[in-house]
Each structure stands twice: as C-alpha cells, then as structure tokens.
Amino acid sequence: EDCGTINGIEMTSIKENEEVVESLKDRIVGRFSAEDVRDPMTGDIIVKANDLITEEIAEKIDELFIESVRIRSVLTCEAKKGVCVKCYGRNLAENKTVDIGEAVGIIAAQSIGQPGTQLTMRTFHIGGVVTGMAQENTIRFDYKTFIEDIKGSTVNLKNHTILFTRKGYLYLSRIINEFNTRGGKLKVKDKDKVVIGQTLFVDKNGNEIKSTDIGFVKLHGDKLYKTTQIQEIVVPSGGVLYKKVGEAVPEKEIIVLFDPFVQPIISEKSGKVKFNDLKIGITIKEEIDETTGTKKHRVGESFLDTLQPSISIIDGKGHETAKYLLPGGAYLDTKDGAVIEAGDTLAKIIKKKSSKATDITGGLPRVAELFEARKPKNSSVLAKVSGVVEFRGKLKGKDIIVVIDNFKNEVKHIVPAGSYLLVREGDLIKAGDQVSEGNINPHDVLTILGENALQQFMMDEIQSVYRLQGVNINDKHIGVILRQMMKKVEITIIGDTRFILGQHVDKWEFIEENKKVVKEGGQPAVARPILMGITKASLSIDSFLSAASFQETTRVLTNASIKGMTDSLSGLKENVLIGHLIPAGTGISYYKNIKLYDENMFDLDVSISKIMEEKNKLVGENAILDKQNLDRIGK
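My aim in this report is to walk through the structure given alongside it, one point at a time. (Residues numbered from 1 in each chain as written. Predicted model: local features only at pLDDT ≥ 70, side-chain atom pairs only at ≥ 80, totals over all residues. Heavy atoms only, no water.)

The next subject is the sheet that holds strand 39 (residues 488–493). As summarised here, the arrangement of the 3 strands in space is 40-39-41, forming an open sheet in which the pairing is antiparallel. Single-partner strands in this sheet number two, and they are strand 40 (504–506) and strand 41 (526–529). Looking at each pair of strands side by side, their axes are set apart by 50 degrees on average, direction ignored. Here 4 bridges tie strand 39 to strand 41, and the two strands are oriented antiparallel to one another. Residue pairing for strand 41: Glu490 is matched across the bridge by Arg528. Where helix 10 (residues 507–519) meets the sheet, its contacts fall on strand 39, strand 40 and strand 41, and the angle it forms with strand 40 comes to roughly 85 degrees. (Pairing = 2+ DSSP bridges. Helix = DSSP H or I, 4+ residues; strand = E, 2+ residues; numbered from the N terminus. Axes fitted to C-alpha atoms, helices over the stretch in contact; angles between N-to-C directions. Contact = heavy atoms within 4.5 Å.)

Inspection of the entire model under this criterion finds 4 aromatic pairs. Residues Phe141 and Tyr143 carry aromatic rings whose centres are separated by 5.5 Å and whose planes lie at 35 degrees to one another, so their mutual orientation is tilted. With relative accessibility at 4%, the residue Phe141 sits in the buried group. Residue placement shows Lys296 over the ring face of Tyr331; its charged tip is 4.9 Å from the ring centre. Lys476 extends its terminal NZ or CZ atom over the ring of Tyr88, reaching a point 4.8 Å from the ring centre. (Phe/Tyr/Trp six-rings, centres within 6.5 Å; stacked < 30°, edge-to-face > 60°. Buried < 20%, exposed > 50% of the residue type's maximum accessible area, 1.4 Å probe, protein only. Lys NZ or Arg CZ within 6 Å of the ring centre and 35° of its normal.)

Moving on, we come to the pattern of salt bridges. Taken as a whole and judged by the stated rule, the model has 26 salt bridges. As a salt-bridge pair, Asp2 and Arg72 come within 2.7 Å of each other at their nearest N and O atoms. Of this pair, Asp2 sits in the segment before strand 1 (9–12) while Arg72 is found in the loop between strand 6 (68–71) and helix 3 (85–88), placing the two residues 70 residues apart along the sequence. Exposure remark for Arg72: the relative accessible area of 1% places this residue in the buried category. A salt bridge links Glu55 to Arg90; the shortest N-O distance between them is 3.1 Å. With Glu55 in helix 2 (residues 55–63) and Arg90 in strand 7 (residues 90–91), this pair connects stretches of sequence that are 35 residues apart. Judged by relative accessible area, which is 9%, Arg90 ranks as buried. Residues participating in the shared-partner salt-bridge network are Lys144, Glu178 and Lys223. (Salt bridge = Lys/Arg side-chain N within 4 Å of Asp/Glu carboxyl O.)

Right, let's talk about the packing of helix 7 (residues 442–449) against helix 8 (residues 451–468) for a bit. Contact geometry of helix 7 with helix 8 gives a least axis separation of 7 Å together with a crossing angle of 150 degrees. The orientation of helix 7 with respect to helix 8, classified from their angle, is roughly antiparallel. Considering how the two elements wind past one another, helix 7 and helix 8 form a crossing that is right-handed. Note on element contacts: helix 8 touches helix 7 through Glu451, Ala453, Leu454, Phe457 and Met458, opposite Pro442, Val445, Leu446 and Leu449. When the residues that make up the contact of helix 7 with helix 8 are grouped by side-chain class, the tally is 8 nonpolar, no polar and 1 charged. (Parallel < 35°, antiparallel > 145°, perpendicular 65-115°, else oblique. Left-handed = near helix turned anticlockwise from the far one by under 90°. Nonpolar A, V, L, I, M, F, W, Y, C, P; charged D, E, K, R; others polar.)

Next up on the list: the environment of Leu170. Note on placement: Leu170 falls in strand 14 (residues 168–180). On the basis of relative accessible area, Leu170 is assigned to the buried category, the value being 0%. In this structure, the C-alpha to C-alpha distance between Leu170 and Asn378, residues 208 residues apart in sequence, is 32 Å. The contact partners of Leu170, leaving out residues within four places of it in the chain, are Ile147, Asp149, Ile150, Gln231, Glu232, Ile233, Val235, Leu241, Ile255 and Val256.

Here we have 4 strands laid out as an open sheet, ordered 30-29-26-32, and antiparallel in their pairing. Of all the strands in the sheet, the pair left with one neighbour each is strand 30 (320–325) and strand 32 (339–340). Where strand 29 (residues 310–314) and strand 30 come together, 5 bridges link them in antiparallel fashion. Within the sheet, the bridge partner assigned to Ile311 lies in strand 30 and is Tyr324.

Right, let's get into a nonpolar patch on the surface. A contiguous nonpolar patch, built from Tyr242, Ile254 and Leu257 and spanning about 230 Å² of accessible area, is present on the exposed surface. Structurally, the position occupied by Ile254 is in the loop between strand 23 (248–249) and strand 24 (256–257). The exposure class of Ile254 is partly exposed, given its relative accessible area of 30%. (Patch = residues over 30% accessible without salt bridge, like charges linked within 9 Å, V, L, I, M, F, W, Y side chains within 5 Å. Areas by Shrake-Rupley, 256 points an atom, 1.4 Å probe, with all protein chains shown as cover.)

Peptide bonds are mostly trans, and most non-glycine residues show a negative phi. Positive phi, close to 65 degrees, is recorded for Lys252, a residue that is not glycine. Counting through the fold element by element, Lys252 comes out in the loop between strand 23 and strand 24. Overall, Lys252 belongs to the exposed group, its relative accessible area being 54%. One non-glycine residue, Lys408, adopts positive backbone phi at about 65 degrees. Mapped onto the fold, Lys408 is located in the loop between strand 36 (398–404) and strand 37 (410–415).

Bridge count between strand 35 (residues 387–395) and strand 38 (residues 428–429): 2 bridges; the pairing is antiparallel. Considered in strand 38, the bridge of Val388 is made with Leu428. Bridging between strand 35 and strand 36 involves 6 bridges; their strand directions are antiparallel. By the bridge assignment for strand 36, Val389 is matched with Val403. Where strand 35 hands over to strand 36, the hairpin turn is made up of 2 residues, of which Lys396 adopts a positive phi near 50 degrees.

This brings us to the state of the cysteines. Working definition: the covalent bond between the sulfur atoms of two cysteines is a disulfide. One pass over the full model with this rule turns up 0 disulfides. Free cysteine Cys3: the closest other cysteine sulfur is in Cys84, separated by 3.6 Å. Left without a disulfide partner, Cys77 is nearest to the cysteine sulfur of Cys84, which lies 3.7 Å away. (Disulfide = S-S within 2.5 Å.)

All right, on to the nonpolar core then. By size, the foremost hydrophobic cluster in this structure holds 32 residues, and its most contacted members are Leu454, Met458 and Leu531. When residues of this core are traced back to their parent elements, those giving at least two are helix 3, helix 4 (104–121), helix 6 (364–371), helix 7, helix 8 and helix 9 (475–485). It is helix 8 that provides the largest number of residues to this core, a total of 7 residues. (Core = buried A, V, L, I, M, F, W, Y, C linked by side-chain atoms within 4.5 Å.)

Structural measurements only, silent on function.
Have a look at this one:
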C-alpha cells in the first residue's frame, strides 16, 4: 500500500525553445504528491503530502503558475518487492488508483514495446529521410515580459545594444498586469509579494487600486508591474540583447537575436591583433568560398602538438590584455596587426547542423542503446566538476582541457582528436555540462551527477524519441523499467561484511547486510550505484528459473547449481514454468486468506462447495442412468 518513503522527484513542464511540449498538469495528474503543495502567495495547502493529484488539483496548480511539484515516483519507491500503490499512482487502464497485485512491470514493457512496432512500419512511408531541425535564432515570448537581470561577459555596443561575448544568462519574469501610478500613493514596495484583494496604490482621484491576481511587484518609473516568478534563459555567445535591464517588453517583440549556426569568438578588449602560431600551410588552410569567390582562412585540425594557434589583443603600451585560443575548424575574421574594438569578431566556428532523423530508424536504435545502457559511438566528454575552463595544449593529437574549481583544484579532461569543442578558454562550466559534441554516455551521467540526474536524463532521452513520432508514453512505465536497471550496486569498500570487492549486489541485500554488521559493531560496506542494460538486469535477477527461460540457459542453470541457489517462485515467469497460479491480480498471497460473503453475510465458500456437491451428485446419478440405458440397448 505505502512504502513510507520521504523521497520523490521534481516534476516540471517540458519545454523546447520556450515552447511547452508537455505541461506540468499532464505530467502530475494521477500521481501522489511527495510533499504539501502550497499556494505560492497565500500559503494555503492545495494538496497534502501522500494525497492523489486529481484533474481539478492539477488544473489549480497550473493556474497558479507553480513551476515544479515534488511527486512520489516508482524510481524512488522503497518497496522490497515490486512498487507500492502510493509511488505508482493511478492505473491508466481504468483511471483508478492501482490495485495491489497489478502486474505493472508487464504493463510497462508492453506500453514501451508496442509503439515501437508501429513506428518501425512507418519507415516504408518516409523512406528514411533526414531533415534538418528548424533552429530558432531569437528569444521572444507570446506574453509581456520584464527583464530582471543579465549574467555573463558582455560588451555595450554603440547602437545601445548589449553583446554577449560568451554564453550568458538572461533573467526575466512574465507581466500579469501593469498600472500607471503617476500622482498616486503607493501602498507596496518593489519586489513585494501581493495577494488577491491587497491594495497596490491609491490613484490621484483617491480610488484604491487592488490586486486581482497573485504576483510580485516591480516598480519602474511611474509604472507598477505585477509579475510571476523569475526564469533563467541561456543566451549563446554572439547574442545581442536589444532591451535594457528593468525594461518591460511587449509580447512577440525580439529580446535577443543570435546566429544558431555560428559560434563567434569575440574580443572583450580593444587593441591591436597579434597572431600566434598562425602560419599558412602549417596551421592555417586557405579555402575559396564558392558563392562569393573570396579567400577564407581556416585553422587546421592536425598539426604539431607544440603549436597552439591563438589571437592576442595588445594595448597601447604593448601589454597583452586578452588571449583567445582558436579551435580546429575556426574561420579567421580579422587580420594580423588590425586595430579592433571590444565586441569585434576575431573568428567564427561553423556549428555542425543538428539533424535528427525524423524517422524511427534514428529513434529505435537509440531506444535500444539507452535500454541496453551501451556506451554510444563518438560519445561526448562531460565536465567532472564545476569551474573555469583552461586549455593545456595537445597530447598525441588529443586536447587537454583542465577545469579549475572554486578550491583551485585542477581536474583534467582528455578530448579525442577531431571532436568539436563546446567550451572556450575562460568559460564557466557546470559539472555534467558537455565539453565536446556527441551523444551523452549514461554511465558518465551516473558517475558525475548521481542517480536522480541519470533517471531524469534517461527519461528525457527515451521520451524525446517517442515524442518526435507523436507517441505519448506515461513516465511511470519508463520509470518501472529504469528501476529494474538500477536495482544493483557495486561494492567499493568491503568493511566487515561478507561481500567481495567489485561484487554486484541487490540494493536491499546491501542495506540489510550493513544494518546487521552495524548492529554487531562492525564496519559497514560502501557501494556505488550502477546502471545495467535490460538484458543484463534480466539475467542477474534473483530467480534462476526466470533468468534461464530468458537467455543463456546452460550458463544460468550451471551457475545456480554451483551456488546451490533456491527459487522462491515470487515472479510471474517462474510460476508459469512450474504450472502454478501466477502471483498477479487475485493470485497473490495477499488475497489468499480473504473470506467472501454475500449480501446476507453468508460465507460464499460454503455455498459454492454445497453447489459443487449437488452438481457432482447430479452428474453421478445421470451417469448411472446412462449406464443402465446403454445396458438395456445392448441386450
């Protein structure tokens, strides 16, 4: 019924380029809340912890612009066998809270597997065409916004716009209402929270203007704006901000403009350009643009490790004020000795066009790769810690990138030759961010960011493939499968337990053994979580009968006999093999001792046994009569 866990996962709406793909309302309906959800302004409880979120409650949460809700999830369920009712939520087959005994694993496997069969058939219609995804080149909104703040390295241009020289962040909020307060008397202060019915100001005619919504107050000149919570938007390098901080932006008006296919290297200082290790024929290749017929200089990808192509900015006194390393494939946009201003482009890196196969052929192998937890081909390098990026040259053709954290510790990352780098010298990077382009390896996500981040990553990756095909699969189905993939841990420190170093054990077995050892005054073991592919997870299951019926029968049975294993017959497969009643639905032990009574409180078991007796009696009498008739005919 309830495993009693206090853990859960944060649910937010899924957005792509600020367009909501799946709303928070759709994601939380039919689930149980992990904590009290309160109205952000009044503090009233909308839904209590461990209560079901119905359609009405989800609608209310959506109306109040609540960004995220913590819900109970199968991924954090602490039930020893299967999952509990509270963590699973609603059974989607009958739109009621799930019953104890429901075979949720089979429902999950069918829900994920069945759309795959449909989608494979679509290949014949499309013919495997690869289409370039349309790239957004602006940041704008369908509603009025208020620019709160900007963060990152910027340069103020002469046309009163702001240029982001590196990746930066824009903080803005949605405007609900705006009022002109000229000649009036304010009753609220800047950044105040206001609730429905609260007086905002008294106008010049003496009328009290009250709030009709819940929000935050922003004062700017004679204007009073009522806004929602602040959101963070990433601005790519080379983005131009056309508005100022503290400005209200009308709907559909461009806030930031950028080129999605070009990553510029922009000078943050004014001065004279000096080329370092940039020599035609050695580190630079000359190319002729077919459309314009002009010469272009491109930095080569393969040259001596000792050479490091870069551009320095020299001030009037001859001092180097800035230095920009040039990655392989960058096109030069300036000349040696040229005098430049801060904000001028030194070089451009043409981004590879991100193209995803619209057809499932691009998707099904990706789903298989994720569920089998394979290391993807040309995988991306992820930052192991948060900090500042520094380049340390090349070693055997590979880029050496060091990330220096807040405590001045250096963590080395080696990027394979020919990989497209997503970071530049001096960039701020967060742990888990991509250093180079490529598919993300789920095992790296687990090592760097931990279990919750891996679950989120796997969920998003699998869903994105199906979403591209317009197939809607509930998160809980994928969650049930992921739970089985992350069932085991690897022992790193043995302590006083009976485990062996590097052994893969079940999480529950690990917890129970540690409890036992600690009780006896010993040293507990330490383990790290591991991700197993579905094939490996199926073979390492507790039941040897179930594993043997799946794959590698001889090996599984040999191992079981050597270890002297016993099978408790607790799953479905092993009971089908033996010929027992399967432990699902009313077949589980939970329902075995239940007595059934009719409306007159008469024991149904007793009445059924009486009916069966009478039936057998009748069958017996009929058989005797039949025999007598046959004997008569025979004579």
